[in-house]
Amino acid sequence: MNIGGTRGYFSPEYALEGVVSEKLDVYSFGVVLLDIVAGRPCIDLKLPQEQSILRSWAITLYTEGKVLNLVDKRLEGNYDEEEVMLVVDMALSCLQTHPKKRATMSQLVNVLMKNSNASVAVDIVNELKIQTPNLLSIPEDQHYVDTYPSRQGVQGESVEHALMSSFATDSQASVMVPR
């Protein structure tokens with residue numbers, strides 16, 4: 001089988017079976033989030049073995065309660081710990097081995113919108129509405145509803161709860177979501 005992509009960024013089901021779905025991109029996004037937090041590539045064989053695969057190292061640190069050890073040392077402590085925890089929680093919810101347990105991109109956007117300066121996002125949406133007439137028909141307060149027939153739709157507050165609890169299910173660790 002000929003696999004296209006960058007090693008370390010594609011999901012297990014794609015690497016092993018060639019299965020392509022929207023969950024492949026979710027997995028890759030989780031890897032990118034970890035890359036950003038750690039300030040390094042997802043695979044670095046020059047590092048000690050336990051740190052060479054970023055996903056594995058992040059999961060180890062998470063289960064040991066040492067997530068902040070993952071943060072890029074060049075930041076020299078100049079970061080918001082709660083934001084780091086939120087980003088790592090999001091990343092790990094994307095990196096579930098089983099695709100159905102991974103977050104959706106809409107769930108991730110909802111988490112980011114609730115935990116950031118929402119006015120910036122509103123400005124972007126308003127600018128897009130001006131540039132793209134088709135967006136005018138989308139009500140601003142409409143919640144995301146998953147329309148894929150193979151999955152249940154998700155609406156409202158339970159989206160974030162389901163997103164953050166998906167990692168806890170696999171790792172037996174609990175995840176706190178700032179509100």
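- Identification of the protein as Protein kinase domain-containing protein from Marchantia polymorpha is taken from an unreviewed UniProt entry.

1. What about the overall build of the protein?
Part 1: Helix and strand counts for the protein come out as 8 helices and 0 strands.
Part 2: Helices and strands appear in the protein in the N-to-C order α-α-α-α-α-α-α-α.
Part 3: Of all 179 residues assigned to the protein, the portion counted as buried reaches 33%.
Part 4: Partitioning the contacts of the protein with sequence separation of at least 6, the portion at a separation of at least 24 is 52%.
Part 5: Working note: accessible area of the protein is about 11,100 Å², and carbon and sulfur atoms make up 56% of it.

2. Examining the environment of Val 20
Part 1: With respect to the helices and strands, the residue Val 20 is situated in the loop between helix H1 (12-17) and helix H2 (22-38).
Part 2: Residue class for Val 20 comes out exposed when judged on its relative accessible area of 61%.
Part 3: Once the C-alpha coordinates of Val 20 and Phe 10 are considered, the two residues, 10 residues apart in sequence, prove to be 9.8 Å apart.

3. Things to note about the nonpolar core
Part 1: Judged by nonpolar contacts, the single largest core of 27 residues is most densely connected at Leu 34, Leu 54, Leu 70 and Val 88.
Part 2: Elements that contribute at least two residues to this core include exactly H2, helix H4 (54-63), helix H5 (81-94) and helix H6 (105-114).
Part 3: Leu 34 has contacts with Leu 54, Arg 55, Ala 58, Leu 70, Ala 91 and Leu 95, leaving out every residue within four places of it along the chain.

4. Focus: a negative patch on the surface
Part 1: There is a patch of like negative charges on the surface, built from Asp 80, Glu 81, Glu 82 and Glu 83.
Part 2: Examined against the element boundaries, Glu 81 turns out to sit in helix H5.
Part 3: With a relative accessible area of 47%, Glu 81 lands in the partly exposed category.

Rules of the game
- Residues numbered from 1 in each chain as written.
- Predicted model: local features only at pLDDT ≥ 70, side-chain atom pairs only at ≥ 80, totals over all residues.
- Heavy atoms only, no water.
- Helix = DSSP H or I, 4+ residues; strand = E, 2+ residues; numbered from the N terminus.
- Buried < 20%, exposed > 50% of the residue type's maximum accessible area, 1.4 Å probe, protein only.
- Contact = heavy atoms within 4.5 Å.
- Areas by Shrake-Rupley, 256 points an atom, 1.4 Å probe, with all protein chains shown as cover.
- Core = buried A, V, L, I, M, F, W, Y, C linked by side-chain atoms within 4.5 Å.
- Patch = residues over 30% accessible without salt bridge, like charges linked within 9 Å, V, L, I, M, F, W, Y side chains within 5 Å.
- Salt bridge = Lys/Arg side-chain N within 4 Å of Asp/Glu carboxyl O.
- Lys, Arg positive; Asp, Glu negative; His and termini not counted.
- Charge placed at Lys NZ, Arg CZ, Asp CG, Glu CD.

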